[in-house]
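What follows is each chain in one-letter form.
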Amino acid sequence: MDWFLIITTLIKIVVVVFLAILPSVAYSVYFERRVSAWIQDRLGPNRVGPLGLLQPIADGLKFLLKEDVTPGHVNKFYFWLAPALVLVPALVTCAVLPFGSEMQLPLWLQDLIGTKANIPMVIADLDTGPLFIFAISSLGVYGIVLAGWASNSKYPFLGGVRSSSQMISYEIALGLSIVPLLMIYGDLHLGKIVAAQAKEGWSLLPFWTEGHAFAFDLKKIALAVPVGISFIVFMTAIFAETNRVPFDLAECETELVGGYHTEYSSMKFALFFLGEYAAMIVGSCFAVTLFFGGWTLPFGLSAQQLGAVGPGIALFQFLTLFIKVFLFVLFFIWVRWTLPRFRYDQLMRLGWVWLFEIALVNIILTAGLLIAFR
Amino acid sequence: MATKLVERPKLNFFEKIYLSSILHGLALTFGHIVRLFRGKTKVVMQYPEEKWDSNLPEYYRGAPALVTDEHGRERCVACQLCEFICPPRAITITPEEIPNNDPWAKVEKRPKAFEIDMIRCIYCGMCEEVCPEQAIFLRKDYAITGESRAEMVHDKRKLYEIGGVRTGLVNKWNELK
Ligand code: SF4
Ligand code: SF4
């Protein structure tokens, strides 16, 4: 059995990381450029291939072929380590995100490998999904801080310092914001949270109780208030966590040249880029899993798909998740090209004075509601 | 000294918690996308296919070039003023004497080689301004490209090719002189 687990896990890692996340990173860069152009009344990259769809490949080649400069005044070891430290946590966090229920292998394959086991559609079936994500994704900031420090130059340094203080003030709000959800579902297992949403309706779509669409259940509708609040806090914190506008103080082209990656070039720069977008995609995936039912369809349409499903349906579940995440990424991009950057003190105030308190009060509110509707 | 106190705009509660302004901003940018897709926005020009050439103003400063006049005389007298004035030192002139049997022998001097390094040229127009002979003009060619450095140096032949013939200029070297 062990070899079966290892091989299926390896296959899942390859599929998720190399066939799903990395290509979507490349294409979210493409969409970033296209959508930003549309917002600014331009056209964006439309030359390479039909509609410019091959642009990410050209960009990737460019990054590979560019000269890789390591400036003489940097701390070589940390300078080389930093880009990897940004990318790896972003990719590792996707391990606990469920992208489907359970896949039943077709019969001939079962005979071929001689096992009847189903494959859970998640890389690591942990009982502590959200905690794992928080623990790993906050490591990403070390990459940024190290890059800023090792570059031995003032703009990256400022970027690194900003990033670390920003991370401290947002991590708390991020962690607290999902506590109401965990209280409602009573579980830390992301797969079970998604399964509960498949049966009882998405967290943010309370008009569904088991078996009845558009049912008016007072408890669910009352609980949608704290869930909505925690969604707003969570999204704000995710924006800060992934260093996206309006919280891109670490990068901040207009003030800090390029922020922490000013001194980087070629593939090392590309790794920062990949890391930022991978974090964005995984963050969207996390938000979708918690608030929009992960791989499930709304209104209980996926309630029958909870057990073991065939490969076709498994693929369908995967695509459902993919489309939701794609819409989320578009939202990230849309926000980026709309909002100006927060000033440093505004950001601190927002993090410590508003989000932190709102998240705390929200937990108490949820607890009160849960007791009231017990 | 007169001081003016700038009044901070009074924000209402919804503006203070950012949400309303964020939604407003999102609606605004989305409006731009919608307008673009409905074809209501004048989009930027698709450069190599569409060009702005017919709209270039009279005073456009493109590539500098040498001209000949209606008598077929090359107007440059190799005085080298442009070479001196050129801020990035893009011009290199090798003068030569005009032989006695030449109909324009009284001009005495002409460029043997005249090279403008278009990698260096900044299209400032100083050469045109300083030329006492109205021999060098900035034309409207702007897409000067090449695959090597050598290709980017315009020699005399190329400069006359770009410049062509320009009529109606003052002729200092007529029979009266
Ligand atoms: S346009 Fe300016 S830079 Fe170019 S050749 Fe003339 S003087 Fe030199
Ligand atoms: S182009 Fe004009 S300024 Fe330059 S050398 Fe010839 S005559 Fe003199």
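All figures in this text were calculated on a predicted structure; none of them were measured in a lab. (Residues numbered from 1 in each chain as written. Chains lettered and ligands numbered in written order. Predicted model: local features only at pLDDT ≥ 70, side-chain atom pairs only at ≥ 80, totals over all residues. Heavy atoms only, no water.)

(A) Expanded view of the overall build of chain B. If you tally the helices and strands in chain B, you get five helices and five strands. Start at the N end of chain B and walk to the C end: the helices and strands fall as α-α-β-α-β-β-α-β-β-α. On C-alpha atoms alone, chain B measures out to a radius of gyration of 27 Å, which is more than a quarter above the 16 Å that the 2.2 N^0.38 rule sets for 177 residues. C-alpha atoms of chain B, sized along the principal axes, occupy 90 × 55 × 35 Å. Evaluated residue by residue, chain B yields a buried proportion of 31% over its 177 residues. As displayed, chain B offers around 12500 Å² of accessible surface, 56% of which is attributable to carbon and sulfur atoms. Taking the average location of the 27 positive side-chain charges in chain B and that of its 25 negative ones, the two points are 10 Å from each other. (Helix = DSSP H or I, 4+ residues; strand = E, 2+ residues; numbered from the N terminus. Rg over C-alpha atoms; globule rule 2.2 N^0.38 Å. Buried < 20%, exposed > 50% of the residue type's maximum accessible area, 1.4 Å probe, protein only. Areas by Shrake-Rupley, 256 points an atom, 1.4 Å probe, with all protein chains shown as cover. Lys, Arg positive; Asp, Glu negative; His and termini not counted. Charge placed at Lys NZ, Arg CZ, Asp CG, Glu CD.)

(B) Structural view of the overall build of chain A. Along chain A, the regular secondary structure elements total 14 helices and five strands. In terms of overall dimensions, chain A is globule-like: its C-alpha atoms have a radius of gyration of 22 Å, near the 21 Å expected for 374 residues. For chain A, the spread of C-alpha atoms along the three principal axes comes to 65 × 55 × 45 Å. Going through the 374 residues of chain A one by one, you find that 52% of them count as buried.

(C) Looking closely at the site of ligand 1. What surrounds ligand 1 is the set Pro-64, Cys-86, Pro-87, Pro-88, Ile-91, Cys-121, Ile-122, Tyr-123, Cys-124, Gly-125, Met-126 and Cys-127 of chain B. Grouping the constituent residues of the shell around ligand 1 by class yields eleven nonpolar, one polar and no charged. (Near = heavy atom within 4 Å. Nonpolar A, V, L, I, M, F, W, Y, C, P; charged D, E, K, R; others polar.)

(D) Looking closely at the nonpolar core. If you look at the biggest cluster of nonpolar residues, it comprises 82 residues, and the most contacted ones within it are Phe-234, Phe-286 and Leu-290 of chain A. Counting residues per element, this core draws most heavily on helix H12 (residues 266-291) of chain A, which supplies eleven residues. Ranked by size, the runner-up nonpolar core spans 22 residues in total, among them Cys-76, Ile-116, Cys-127 and Ile-136 of chain B. (Core = buried A, V, L, I, M, F, W, Y, C linked by side-chain atoms within 4.5 Å.)

(E) Representation of the packing of aromatic side chains in the model. Applying the stated criterion across every chain, the model contains 25 aromatic pairs over all chains. Relative to Phe-30 of chain B, the ring of Trp-334 of chain A lies with its centre 5.4 Å away and its plane at 50 degrees, an arrangement referred to as tilted. Placement of the pair is Trp-334 of chain A in helix H13 (residues 311-336) and Phe-30 of chain B in helix H2 (residues 19-37), with the two residues belonging to separate chains. Within the aromatic cluster, the residues linked to one another by ring pairs are Phe-134, Phe-231, Phe-234, Phe-286, Phe-291, Phe-292 and Phe-328 of chain A. Over the face of the ring belonging to Phe-63 of chain A we find Lys-62 of chain A, whose NZ or CZ atom lies 4.9 Å from the ring centre. Directly above the aromatic system of Trp-104 of chain B lies the positively charged group of Arg-73 of chain B, at a separation of 5.4 Å from the ring centroid. (Phe/Tyr/Trp six-rings, centres within 6.5 Å; stacked < 30°, edge-to-face > 60°. Lys NZ or Arg CZ within 6 Å of the ring centre and 35° of its normal.)

(F) Layout of the sheet that holds strand S3 (residues 109-117) of chain B. Residue and element names in this part refer to chain B. The three strands lie next to each other as S2-S3-S5, forming an open sheet whose pairing is antiparallel. Each end of this open sheet is capped by a strand with a single partner; those strands are strand S2 (91-97) and strand S5 (153-154). Inspection of the sheet shows S2 paired to S3 by seven bridges, in the antiparallel sense. Considered in S3, the bridge of Ile-91 is made with Ile-116. Relative to the sheet, helix H5 (residues 156-163) contacts S3 and S5, its axis offset from that of S3 by approximately 85 degrees. (Pairing = 2+ DSSP bridges. Contact = heavy atoms within 4.5 Å. Axes fitted to C-alpha atoms, helices over the stretch in contact; angles between N-to-C directions.)

(G) Representation of the confidence of the model for chain A. The pLDDT averaged across chain A works out to 80; a share of 93% of its residues lies at or above 70. Highest mean pLDDT in chain A belongs to helix H2 (residues 55-65) of chain A (86); lowest belongs to strand S4 (residues 212-213) of chain A (60). (pLDDT = per-residue confidence, 0-100.)

(H) Quick look at the pattern of salt bridges. All names here are of chain B. In total, this model carries twelve salt bridges over all chains according to the counting rule given. With its nearest N and O atoms 3.3 Å apart, the salt bridge here joins Asp-69 to Arg-75. The two residues Asp-69 and Arg-75 agree in class, both being buried. In this structure, a network of salt bridges that share partners links the residues Asp-69, Arg-73 and Arg-75. (Salt bridge = Lys/Arg side-chain N within 4 Å of Asp/Glu carboxyl O.)

(I) Representation of the interface of chain B and chain A in the model. Listed as interface residues are 18 residues of chain B and, on the opposing side, 18 residues of chain A. Buried surface at the junction of chain B and chain A, both sides included, amounts to about 1600 Å², of which 72% is carbon and sulfur. Area buried by chain B at its contact with chain A is led by Tyr-18, Leu-26 and Thr-29 of chain B, which between them contribute 31% of it. If you look at where chain B meets chain A, you find one salt bridge. As a salt-bridge pair, Glu-49 of chain B and Arg-47 of chain A come within 3.0 Å of each other at their nearest N and O atoms. Counting the contacts that link chain B with chain A gives six residue pairs in polar contact (both at pLDDT 80 or more). Grouping the constituent residues of the side of chain B that touches chain A by class yields twelve nonpolar, five polar and one charged. (Buried area = accessible area lost by both parts, 1.4 Å probe. Polar contact = N/O pair within 3.5 Å; in protein donor to acceptor, adjacent residues only side chain to side chain.)

(J) Structural view of helix H7 (residues 154-177) of chain A. Across its 24 residues, H7 of chain A extends 34 Å between first and last C-alpha, which sits within 8% of the 34 Å expected from 1.5 Å per residue. The sharpest bend along H7 of chain A comes to roughly 25 degrees, located at Tyr-170 of chain A. (Expected span 1.5 Å × (residues − 1). Bend = angle between axes of the 7 residues up to and from the residue.)

(K) Main features of a nonpolar patch on the surface. All names here are of chain A. Nonpolar side chains collect at one region of the surface, where Trp-3, Leu-5, Ile-6, Ile-7, Leu-10, Ile-11, Ile-13, Val-14, Val-15, Phe-18 and Leu-19 lie side by side and expose about 1100 Å² of accessible area between them. Within the fold, Ile-13 resides in helix H1 (residues 2-39). For Ile-13, a relative accessible area of 32% translates into the label partly exposed. (Patch = residues over 30% accessible without salt bridge, like charges linked within 9 Å, V, L, I, M, F, W, Y side chains within 5 Å.)

(L) Broad picture of the confidence of the model for chain B. Residues and elements named next belong to chain B. Residues at a pLDDT of 70 or more form 98% of chain B, whose mean pLDDT is 86. Taken element by element, the predicted model of chain B shows its lowest mean pLDDT in helix H1 (residues 13-16) (73) and its highest in helix H3 (residues 81-85) (93). Reported confidence for the predicted complex is 0.72 by ipTM and 0.77 by pTM.

(M) Fine view of the side chain of Glu-263 of chain A. All names here are of chain A. Along the chain, the position of Glu-263 falls in the loop between helix H11 (253-256) and H12. In this structure, Glu-263 is buried with no salt-bridge partner, the nearest side chain bearing the opposite charge being Lys-154 at 9.7 Å. A polar contact of 2.9 Å, which involves the side chain of Glu-263, links it to the side chain of Ser-153. Leaving out residues up to four positions away in the same chain, Glu-263 has contacts with Val-69, Pro-71, His-73, Phe-79, Ser-151, Ser-153 and Pro-156.

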